[in-house]
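# Survey of secondary and tertiary structure
Here is what each chain is made of, one letter per residue.
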Amino acid sequence: MAIATPEVYNEMLDRAKAGKFAYPAINVTSTQTLHAALRGFAEAESDGIIQISTGGAEFLGGQYNKEMVTGSVALAEFAHIVAKKYDITVALHTDHCPKDKLDGYVRPLLAVSEERVARGENPLFQSHMWDGSAETLADNLSIAQELLERARAAKIILEVEITPTGGEEDGVSHEINDSLYTTVDDAIRTVEALGLGEKGRYLLAASFGNVHGVYKPGNVVLRPELLKELNEGVAAKYGKTSPFDFVFHGGSGSTEAEIALALDNGVVKMNIDTDTQYAFTRPVADHMFRNYDGVLKVDGEVGSKKTYDPRTWGKLAEASMAARVTEACANLRSTGTKLK
């Protein structure tokens, strides 16, 4: 196994929920960061999720002609080939996609997978995210219904964000205020629109004070206990215990206790981007500062080819990011849980 089949992805999520652990969902923007994520998972003996945001997809498409679908399809196809050499299983996912980018990203990617499934193949991506948090809940869920129907037919899981996550992520931004907490009524309305699995499986990015970006512990008030309230509120009405598969967004700076409580309350996926970006870049900066005269042709000198060769500092970046992914697996209790 390498890239999860739809059946295996469902099994992965079921195992995480039953075992009260979560998969790190690592944002990648290049073949090198993809390898770093795969290496980190392999070294932790953990399965995981690789994801591409709209901005990441645009970057992957190249700066000459920025095109999200080309970039994301190219990296996904690359992942299907190179992931086979890593002794773990990963799912491919697309991250935050707001309404104005659906026609240029998620809907065309759904069409790609629909064509593959029609030929008897597996979908290219295993899940897609619809970020309707900037819309009214009614409009958000209306679009989610359409996307869930298509996703189900293509054997794909949909992720929905029903209420705002603070901060900014690829151009989608929200203020940090009391609206960052999903209510039981929001959760019930979600079930009324999307069902409890019979209309297709979906992951729920509920808000419990999450904020995208960089912040220090204590600067944001997280309430992971709210997830338990959402599950219990829906269970009381529909009779299904622990109905939601939750996603933890905006987790940078979270304490170990907050992460542990979120896992206990049903989180099966946690997005990690800010911390892995820094882990990738930090050794590159160190290399440049330490080897200034080698990476630059200062005062007419020739520099040092071995020093400015991208492979030299690229290896350092990959190793550092992989180590941060391995750390994330430990924090999310997924270490050593890979499918046999």
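For the structure, check the block above.
So, how was this worked out
- Residues numbered from 1 in each chain as written.
- Predicted model: local features only at pLDDT ≥ 70, side-chain atom pairs only at ≥ 80, totals over all residues.
- Heavy atoms only, no water.
- Buried < 20%, exposed > 50% of the residue type's maximum accessible area, 1.4 Å probe, protein only.
- Helix = DSSP H or I, 4+ residues; strand = E, 2+ residues; numbered from the N terminus.
- Pairing = 2+ DSSP bridges.
- Polar contact = N/O pair within 3.5 Å; in protein donor to acceptor, adjacent residues only side chain to side chain.
- Contact = heavy atoms within 4.5 Å.

## Quick notes on the pairing of strand 2 (residues 48–52)
The element strand 2 is extensively covered by neighbouring structure, given that 5 of its 5 residues are classed as buried. Residues Gly 48, Ile 50 and Ile 52 of strand 2 are buried on one face, and the alternating residues Ile 49 and Gln 51, pointing to the opposite face, are buried as well. Pairing of strand 1 (residues 23–27) with strand 2 involves 3 bridges; the strand directions are parallel. What sits directly across from Asn 27, in strand 2, is Gln 51. Direction of pairing for strand 2 relative to strand 3 (residues 90–94): parallel, over a ladder of 5 bridges. The residue bridging Gly 48 from the neighbouring strand is Val 90, located in strand 3.

## Here we look at the side chain of Thr 94
Position of Thr 94 relative to the elements: it lies in strand 3. Polar side-chain contacts of Thr 94 include one of 2.7 Å to the side chain of His 128. Apart from residues lying up to four places away in sequence, Thr 94 is in contact with Ile 52, Tyr 105, Val 106, Leu 109, Phe 125, Ser 127, His 128 and Met 129.

## Overview of the environment of Ala 118
Relative to the assigned elements, Ala 118 resides in helix 5 (residues 106–118). Between the C-alpha atoms of Ala 118 and Ala 154, which are 36 residues apart in sequence, the distance is 8.5 Å.

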